[in-house]
Amino acid sequence: MTTYPGFEGRVTRTFAGSEGAWPARPQARDGAPNIVIVLADDLGYADLGCYGSEIDTPNLDALARRGIQATNFHVTPMCSPTRAALLTGCEPHRAGLGTVAHVDPASPATHRSSRPT
């Protein structure tokens with residue numbers, strides 16, 4: 001079927017016959033810091049024991065005691081842009097994710113490399 005410049009998958013008349021293509025996973029450089037971010041959707045400060053909740057969250061509390069707690073982070077009304085802001089330190093639109101990312105079918109329509117500029 002039709003090919004798309006820069007798209008390494010295959011597009012056919014049916015979804016079942018098509019093959020998605022994702023970019024290679026980035027690799028951390030040698031000596032990069034070892035950081036783990038735990039992000040839980042649909043939770044607020046009042047849901048975690050480390051912030052005074054009545055709910056018992058011993059594992060999350062233990063992580064909080066040994067790490068850094070974010071106490072001045074502002075979220076967006078949607079999860080995907082909030083994640084983009086947290087991980088990049090940028091406003092979500094500037095990070096390239098101004099809306100919820102429900103799915104990535106790995107098709108040419110979702111790849112920046114195949115979009116007209």
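Residues numbered from 1 in each chain as written. Predicted model: local features only at pLDDT ≥ 70, side-chain atom pairs only at ≥ 80, totals over all residues. Heavy atoms only, no water.

1. Thoughts on the layout of surface pockets
Here the largest pocket defines a volume of roughly 1200 Å³. Lining of the largest pocket is provided by 31 residues; of these, Val38, Leu39, Ala40, Leu48 and Ala70 occupy positions nearest its centre. Those elements that place two or more of their residues in the lining of the largest pocket are helix H1 (58-66) and helix H2 (79-88). The class makeup of the residues in the lining of the largest pocket is 22 nonpolar, six polar and three charged. (1 Å grid on protein atoms, 1.4 Å probe; cavity = no way out; pocket = protein on both sides within 12 Å on 5 of 7 lines; lining within 4 Å. Points joined across faces, edges and corners; volume = space filled by probe spheres on them. Helix = DSSP H or I, 4+ residues; strand = E, 2+ residues; numbered from the N terminus. Nonpolar A, V, L, I, M, F, W, Y, C, P; charged D, E, K, R; others polar.)

2. Details of H2
Of the positions making up H2, those classed as buried are Ser80, Pro81, Thr82, Ala84 and Ala85. Following H2 by one or two positions, Gly89 has its phi on the positive side, about 80°. (Buried < 20%, exposed > 50% of the residue type's maximum accessible area, 1.4 Å probe, protein only.)

3. Let's talk about the pattern of salt bridges
Inspection of the entire model under this criterion finds one salt bridge. Put simply, Glu19 and Arg10 hold a salt bridge, and the shortest N to O gap is 3.5 Å. Classification of Glu19 by relative accessible area gives partly exposed; the value is 46%. (Salt bridge = Lys/Arg side-chain N within 4 Å of Asp/Glu carboxyl O.)

4. Remarks on H1
By the burial criterion, the buried members of H1 are Asp61, Ala62 and Ala64. Down the axis, H1 shows its buried residues gathered within 160° of arc, on one side only. In H1, the exposed positions angled more than 90 degrees off the buried face are occupied by Asn59 and Arg66. (Arc of directions from axis to C-beta.)

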